[in-house]
Amino acid sequence: MELADRAVGLLLSLISISIFTYFTFWVIIVPFVDSDHFVHQYFLPLEYAIIIPVFAGVALLSLLSLFVGSVMLKSRKKNKKA
Amino acid sequence: MKHIFKIISLLAAISAFWVGLLQASIIPRTHTWLLPIYLVVSLGCYGLLMVGVGLMQFPTCPQEAVLLQQDIAEAKGFLKDKGVDVGSD
């Protein structure tokens, strides 16, 4: 059982480190590189560096509020029944 | 209340620093505009990293688990003798 936990923990850490390095390269290093270097084909245009985090944040907030709302509705229904 | 004031003052200090960077133009402007989003994303990444590291280092204590199961069985038997309903078996 602890092997599964450690595998999930390792996966989470690797995902977070890769996201951090990719985003750091994208925002800080790539704008300083010349426009005809080959690196630019590995990175989307810089506007997407704003759109994707904002979109992810909005999606996270809406999912959280949906979850909280559904839990509140369920508890009210249970109270009315009892 | 004090904790909220601490957080608000920290946020105010960071935004003042950011506006100062915007005015002073030491760093190119596009970088300065992207700085808050970069900080938020890196904070989220740091939280995820801490969760992953904590998961990896969490001790499971298998002997304690066995002892705990024995304690639970003993307590259930004791309470059932005394007439308390503990049933979820």
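Note that this is a predicted model, so its numbers are computed, not measured.

Enquirer: Explain the overall build of chain A here, please?
Expert: Looking only at helices and strands, chain A has two helices and zero strands in total. Counting across all 82 residues of chain A, residues that qualify as buried make up 13%.

Enquirer: Explain unusual backbone geometry here, please?
Expert: For residues other than glycine, phi is negative in most cases, and the peptide bonds are mostly trans. All names here are of chain B. Of note, C61 is a non-glycine position whose phi angle comes to about 50°, a positive value. Following the sequence through the fold, C61 ends up in the loop between α2 (29–57) and α3 (62–82). By relative accessible area, which is 36% here, C61 ends up partly exposed.

Enquirer: Can you walk me through the interface of chain B and chain A in this structure?
Expert: For interface size, the figure often reported is the accessible area lost on association. Listed by partner, the interface residues are 16 residues for chain B and 22 residues for chain A. Counting each side, the surface lost to burial between chain B and chain A is near 1800 Å², with a carbon and sulfur contribution of 82%. Taken together, chain B and chain A are joined by zero salt bridges. Summed over the shared surface of chain B and chain A, the result is two residue pairs in polar contact (both at pLDDT 80 or more).

Enquirer: Would you mind showing me how to read the UniProt feature "transmembrane region" (unreviewed entry) in chain A here?
Expert: Residue and element names in this part refer to chain A. As annotated in UniProt, the feature "transmembrane region" (unreviewed entry) corresponds to residues 7–29 and 49–73 in the numbering used here. Span residues 7–29 is 100% helix and 0% strand, its end C-alpha atoms 32 Å apart. Secondary structure over residues 49–73 splits into 100% helix and 0% strand, and the C-alpha atoms at its two ends are 37 Å apart.

Enquirer: Teacher, can you tell me more about the UniProt feature "transmembrane region" (unreviewed entry) in chain B here?
Expert: If you check UniProt for "transmembrane region" (unreviewed entry), the listed places come out as residues 34–55 of chain B in our numbering. Secondary structure content for residues 34–55 of chain B is 100% helix and 0% strand, and the end C-alpha separation is 32 Å.

Enquirer: Help me understand the environment of B:L49 in this model?
Expert: Following the sequence through the fold, B:L49 ends up in helix α2. Once you skip the residues sitting within four places of it in the chain, B:L49 turns out to touch A:S13, A:S16 and A:I17.

Enquirer: How do you make sense of the packing of helix α1 (residues 2–29) of chain A against α2(B) when you look at a structure like this?
Expert: Packed helices, taken two at a time, are described by the angle between their axes plus the distance between the axes. The geometry of α1(A) relative to α2(B) is characterised by a closest axis approach of 7 Å and an angle of 165° between their N-to-C directions. When the interaxial angle is binned, α1(A) and α2(B) end up roughly antiparallel. Two packed elements cross with a definite hand, and for α1(A) against α2(B) that hand is left-handed. Taken together, the residues that form the contact of α1(A) with α2(B) break down as 20 nonpolar, seven polar and two charged.

Enquirer: So what exactly am I meant to see when it comes to the packing of α1(A) against helix α2 (residues 48–81) of chain A here?
Expert: All names here are of chain A. Viewed as axis vectors pointing N to C, α1 and α2 meet at an angle of 140°, and their least axial separation amounts to 11 Å. With respect to α2, the element α1 is oriented oblique. Taking contact as the criterion, the partners of F23, W26 and V27 in α1 are, on α2, Y48, A49, I52 and P53. A breakdown of the residues in the contact of α1 with α2 according to their chemical character gives seven nonpolar, no polar and no charged.

Enquirer: What's the story with a nonpolar patch on the surface in this structure? I'm lost.
Expert: On the surface, a nonpolar cluster with roughly 510 Å² of combined accessible area is contributed by A:L44, A:Y48, A:I51, A:I52 and A:F55. Here A:I52 shows up in helix α2.

Enquirer: For this particular structure, what's the right way to read the packing of aromatic side chains?
Expert: Any aromatic ring pair is given by two values, namely how distant the centres are and how the planes are angled relative to each other. All chains considered together, the criterion is met by six aromatic pairs over all chains. With 6.0 Å between their ring centres and 10° between their planes, A:F23 and B:Y38 make a pair best called stacked. Of the two residues, A:F23 is situated in helix α1 and B:Y38 in helix α2; the pairing between them involves two chains. Across the pair, B:Y38 and A:F23 agree in class, each one buried.

Each value, and the rule that gives it
Residues numbered from 1 in each chain as written. Chains lettered and ligands numbered in written order. Predicted model: local features only at pLDDT ≥ 70, side-chain atom pairs only at ≥ 80, totals over all residues. Heavy atoms only, no water. Helix = DSSP H or I, 4+ residues; strand = E, 2+ residues; numbered from the N terminus. Buried < 20%, exposed > 50% of the residue type's maximum accessible area, 1.4 Å probe, protein only. Contact = heavy atoms within 4.5 Å. Buried area = accessible area lost by both parts, 1.4 Å probe. Salt bridge = Lys/Arg side-chain N within 4 Å of Asp/Glu carboxyl O. Polar contact = N/O pair within 3.5 Å; in protein donor to acceptor, adjacent residues only side chain to side chain. UniProt positions renumbered as here; feature names shortened; annotations may be inferred. Axes fitted to C-alpha atoms, helices over the stretch in contact; angles between N-to-C directions. Parallel < 35°, antiparallel > 145°, perpendicular 65-115°, else oblique. Left-handed = near helix turned anticlockwise from the far one by under 90°. Nonpolar A, V, L, I, M, F, W, Y, C, P; charged D, E, K, R; others polar. Patch = residues over 30% accessible without salt bridge, like charges linked within 9 Å, V, L, I, M, F, W, Y side chains within 5 Å. Areas by Shrake-Rupley, 256 points an atom, 1.4 Å probe, with all protein chains shown as cover. Phe/Tyr/Trp six-rings, centres within 6.5 Å; stacked < 30°, edge-to-face > 60°.

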